[in-house]
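# A closer look at the structure
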Amino acid sequence: MNNASISIPLSFNSYWAAFITLDCNFKCPYCIQKIHSNAPKYNVLPGKLWIDRLNSIEGRQKRKFLRRPKVKKLAIIGGSPGVHPDFLEILNGLDNNWMITVTSNLSAPIFSNLDLFLKRIKRKKRLKFNVSFHPLYANVDYFISKVIALKKELWVHHIFYVAYPPDNEKDFNDIKKAFAKKGLTVELQRFTGFYKGELYPKEDSEKKYDLDYGINDYEFYRQACSQKSKKEVLCKMNKVLFTPNGNIYNCHYRLYTNSPCYYGNLFDEEFRTNLPQDFFECEEFGFCNPCDFGNFQIKTII
């Protein structure tokens, strides 16, 4: 593969995420990907390909006068990225012009021996973890012990817990106390999606959540995420999302449904992208994924 530098023209502060796999060792009923019934299967590509191509992207360093240069942020995400067979190789191989954030449930096989994992990690700087606790599959005390061990060597930025079922305040309070006893803060993330046929969150939800996806117009939220009917809009999205096979999207709906409307492929020999930098026509408003809500602008509903 030609490893000449490649350009993806979008603002430096845009959100970039590499979904190196959509596979996961859990089957959570509240998974944000499951709002769409036709979730795709993508081929998993070798870590070397990811390393070579991501390190070939230009413009990942932003110099500032008399200050240390800023580097481009990249989320390594899934599914559960730890189940990728070359997960560790990818983390170690990406260069220091990436500031990497890994989102993980810490339950993939590679984390079963955390001491060994930490010994094999060569990259200790410009790497942080956001970890998510899933009580349907993980024991709280065991999970906490993993977080504590990870924090001794690496930066654990956020600890998340998704409120499921919606407004299940008692379970969350118990979990919050368990983390607090070990000096850890867990953040409650509002459930977004369908529960018993109804779209959540709702207006009458109490303001007890640390993360709410910026939902403040519930009527607009229902229009965007109802999964019932599609409308044509002019949309603006400031994201670069790589699928496991390298297709480039700017919204999660298209990524999670393997839409043919993608903007080039990272692994093409002659790389080209027509990723829109301004408003673009979209015919899928109404099937938006909740994790995009608050991050797009809608100019016209036709």
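Everything below is about the structure printed above this text.
We now turn to the structure provided with this report. Remember, predicted model here, so these are calculated numbers, not experimental data.

So, how was this worked out
- Residues numbered from 1 in each chain as written.
- Predicted model: local features only at pLDDT ≥ 70, side-chain atom pairs only at ≥ 80, totals over all residues.
- Heavy atoms only, no water.
- Patch = residues over 30% accessible without salt bridge, like charges linked within 9 Å, V, L, I, M, F, W, Y side chains within 5 Å.
- Areas by Shrake-Rupley, 256 points an atom, 1.4 Å probe, with all protein chains shown as cover.
- Salt bridge = Lys/Arg side-chain N within 4 Å of Asp/Glu carboxyl O.
- Lys, Arg positive; Asp, Glu negative; His and termini not counted.
- Charge placed at Lys NZ, Arg CZ, Asp CG, Glu CD.
- Helix = DSSP H or I, 4+ residues; strand = E, 2+ residues; numbered from the N terminus.
- Buried < 20%, exposed > 50% of the residue type's maximum accessible area, 1.4 Å probe, protein only.
- Core = buried A, V, L, I, M, F, W, Y, C linked by side-chain atoms within 4.5 Å.
- Pairing = 2+ DSSP bridges.
- Right-handed = clockwise from strand over helix to strand, strands pointing away.
- Contact = heavy atoms within 4.5 Å.
- Polar contact = N/O pair within 3.5 Å; in protein donor to acceptor, adjacent residues only side chain to side chain.

### Here's the deal with a positive patch on the surface
Together, K62, K64, R67, K70 and K73 make up a region of like positive charge exposed at the surface. Counting only elements with at least two residues in the positive patch, the list comes to β2 (61-64) and β3 (67-77). Of the residues forming the positive patch, the biggest block, 3 residues, is contributed by β3. Summarising the element assignment, K62 is placed in strand β2. According to the relative accessible area criterion, K62 is partly exposed, its value standing at 37%.

### Considerations on the nonpolar core
Core analysis: the biggest nonpolar cluster contains 73 residues, and W50, F117, F129, L150 and F242 have the highest contact counts within it. Grouped together as the second largest cluster of nonpolar side chains are 12 residues, A17, I77, Y256 and C291 included.

### Notes on the pairing of strand β4 (residues 98-104)
Burial analysis of β4 places 6 of its 7 residues in the buried class, which makes it a mostly covered element. Direction of pairing for β3 relative to β4: parallel, over a ladder of 5 bridges. Bridging from a neighbouring strand, K72 pairs with W98 of β4. Taken together, the 5 bridges between β4 and strand β5 (residues 127-133) define a ladder with parallel strand orientation. The residue of β5 that forms the bridge with T101 is K128. Each parallel crossover has a hand, and the one from β4 via helix α3 (residues 114-120) to β5 is right-handed.

### Quick notes on unusual backbone geometry
In this chain, G78 is followed by G79 through a cis amide linkage whose omega measures 25 degrees. Position of G79 relative to the elements: it lies in the loop between β3 and α2 (87-93). With an omega of -5 degrees, the peptide bond between Y164 and P165 qualifies as cis. In this fold, P165 is placed in the loop between β6 (155-162) and α5 (169-181). The backbone phi angle of Q227 is positive, close to 60 degrees, even though this residue is not glycine. Note that Q227 resides in the loop between α6 (218-225) and β10 (231-237). Judged by relative accessible area, Q227 falls into the buried class, the value being 16%. Not every positive phi belongs to a glycine, and N258 is a case in point at roughly 55 degrees. On the accessibility criterion, N258 (35% relative accessible area) is partly exposed.

### Some remarks on the side chain of Q33
Along the chain, Q33 falls in the loop between β1 (15-19) and α1 (47-54). In contact with Q33, other than residues within four places in its own chain, are L22, G78, G79 and Y256.

### What to know about the environment of D217
Mapped onto the secondary structure, D217 falls in the loop between β9 (198-200) and α6. As a C-alpha pair, D217 and E203 span 14 residues in sequence and 8.8 Å in three-dimensional space. Within polar-contact distance, the side chain of D217 engages the backbone nitrogen of F220 at 3.1 Å.

### Some words on α1
Residues that lie three or four places apart on an α-helix share one face, since the helix turns once every 3.6 residues. Buried residues of α1: G47, W50, I51, R53 and L54, and no others. The inward-facing, buried residues of α1 contact β1, β3, α2, β4 and β11 (239-242).

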